Each structure stands twice: as structure tokens, then as C-alpha cells.
Amino acid sequence: MKQGKVVGFIHSGITVKKLEDSLKFYVELLGFELLSTQVTKSDYIYDIVQIPGLQEIKIAYVQIPGGQKIEILEYVGVDTYSGSARSCDYGTGHICLLVENLEEMFEQFKLKGVKFKSENVVQITAGANKGSKAVYMFDPDGYILELKENIG
């Protein structure tokens, strides 16, 4: 019997409060491509997630420019709670997006009401990313996204 091993990457998943609001953020604001949407009530999904009382899951797949996919999930029929935490707390995560014209994006997104953890665009002054710029921002549910512009 062959030994199991990781052979690639398929997608990342983010659980959201309201799928429609998140699609506005990820597709309309960030420019991700909407690949598909579906409502899942299949038995297999209940076997995977093991959440008693779950009625359905609304799912959308979006694609980041460059090819990576994100699965956005809204769980319906059960009480849900924010998983938002500090970026230093274990069990949290973030997505880092490569961008151009970060300072312009930062100002435009602030005008559109996007919440940022970073007060300003930060110049990276040491390490492997020295010379680049970055900020942390939040999606509508508090999930952290890093916007990073590579310089030089």
C-alpha cells in the first residue's frame, strides 16, 4: 500500500455571517472572480462538518487574480458566533494578497468604509520582505487580509 502524502493545494475556506455581503467585498471591492455558488443540503456535507441542526450551507467559490481559490461558506439554521480574534491568537489566520499601488488602495478602501488594523501603510524595513509595503485589513466578518506591495 502506498503512503499518503500532500501533492498540491486546492483552496482556502472562510466562514462568513452573510454570503451576499462577503461576495460584495471579495468580488466587487477586491476584484476576485466569482466562479460558482450553490446551496448544499447533501448528506455528505453533514458527515464532513458534524454540526447538529445544520439546515444547509450556502457556498461560493471565488478566484484571486493569479489563480488561487477561496471557498466562502455561510452556515444556515444553527447559531453562529464571530471567530474574530487578534492576529497573534492561535487558530486564527489571514490571507496575503499581492497588490499594486497599495497607498492608493488604502485611501480608497478607507473612504469606502473598510476597516484596517494598520493605521497607515507600513514600510517593511528588515528581513526577506525588506523594501516592501503592507497593511492588515478586515473583511466584513473580521477575517484578516494582508495587502502587500513588493517593491524592488
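Residues numbered from 1 in each chain as written. Predicted model: local features only at pLDDT ≥ 70, side-chain atom pairs only at ≥ 80, totals over all residues. Heavy atoms only, no water.

Description of helix α3 (residues 102–111)
Line of reasoning, step 1. Considered for burial, the residues of α3 that qualify are L102, F106 and F109. The arc that holds the buried residues of α3, viewed along the axis, is 75°, so those residues lie on one side.
Line of reasoning, step 2. In this structure, the buried side of α3 is in contact with α1 (19–29), β7 (133–138) and β8 (144–149).
Line of reasoning, step 3. Residue G113 follows α3 closely and has a positive phi angle near 90°. (Buried < 20%, exposed > 50% of the residue type's maximum accessible area, 1.4 Å probe, protein only. Helix = DSSP H or I, 4+ residues; strand = E, 2+ residues; numbered from the N terminus. Arc of directions from axis to C-beta. Contact = heavy atoms within 4.5 Å.)

A few points about the nonpolar core
Line of reasoning, step 1. Membership of the largest hydrophobic core comes to 25 residues, with the highest contact counts inside it found for L30, L97 and M137.
Line of reasoning, step 2. Filtering out sequence-adjacent residues up to four positions away, L97 remains in contact with L30, F32, I64, L145, E146, L147 and K148.
Line of reasoning, step 3. In terms of nonpolar packing, the next biggest core, distinct from the first, is built from six residues, L54, I59, L73 and Y75 among them. (Core = buried A, V, L, I, M, F, W, Y, C linked by side-chain atoms within 4.5 Å.)

Some remarks on the pairing of β7
Line of reasoning, step 1. Within β7, five of the six residues are buried, which leaves it mostly tucked inside the rest of the structure.
Line of reasoning, step 2. Direction of pairing for strand β6 (residues 122–123) relative to β7: antiparallel, over a ladder of two bridges. Within β7, the position partnered with V122 by the bridge is A134.
Line of reasoning, step 3. Bridging between β7 and β8 involves six bridges; their strand directions are antiparallel. Within the sheet, the bridge partner assigned to A134 lies in β8 and is K148.
Line of reasoning, step 4. Between the end of β7 and the start of β8, which pair antiparallel, lie five residues, with G142 showing a positive phi angle near 95°. (Pairing = 2+ DSSP bridges.)

Observations regarding unusual backbone geometry
Line of reasoning, step 1. The phi torsion at Q50 lies on the positive side, around 55°, for a residue other than glycine.
Line of reasoning, step 2. On the secondary structure map, Q50 appears in the loop between α2 (43–49) and β3 (56–63).
Line of reasoning, step 3. A relative accessible area of 57% means that Q50 is categorised as exposed.
Line of reasoning, step 4. The backbone of N101 shows a phi angle near 55°, a positive value even though the residue is not glycine.
Line of reasoning, step 5. On the basis of relative accessible area, N101 is assigned to the exposed category, the value being 52%.

Topic: the side chain of S132
Line of reasoning, step 1. Positionally, S132 belongs in the loop between β6 and β7.
Line of reasoning, step 2. Accessibility expressed as a relative area gives 4% for S132, which makes it buried.
Line of reasoning, step 3. At a separation of 3.3 Å, a polar atom in the side chain of S132 contacts the side chain of N150.
Line of reasoning, step 4. Those residues in contact with S132 that sit more than four places away from it in its chain are V122, Q123, I124, K148, E149, N150 and I151. (Polar contact = N/O pair within 3.5 Å; in protein donor to acceptor, adjacent residues only side chain to side chain.)

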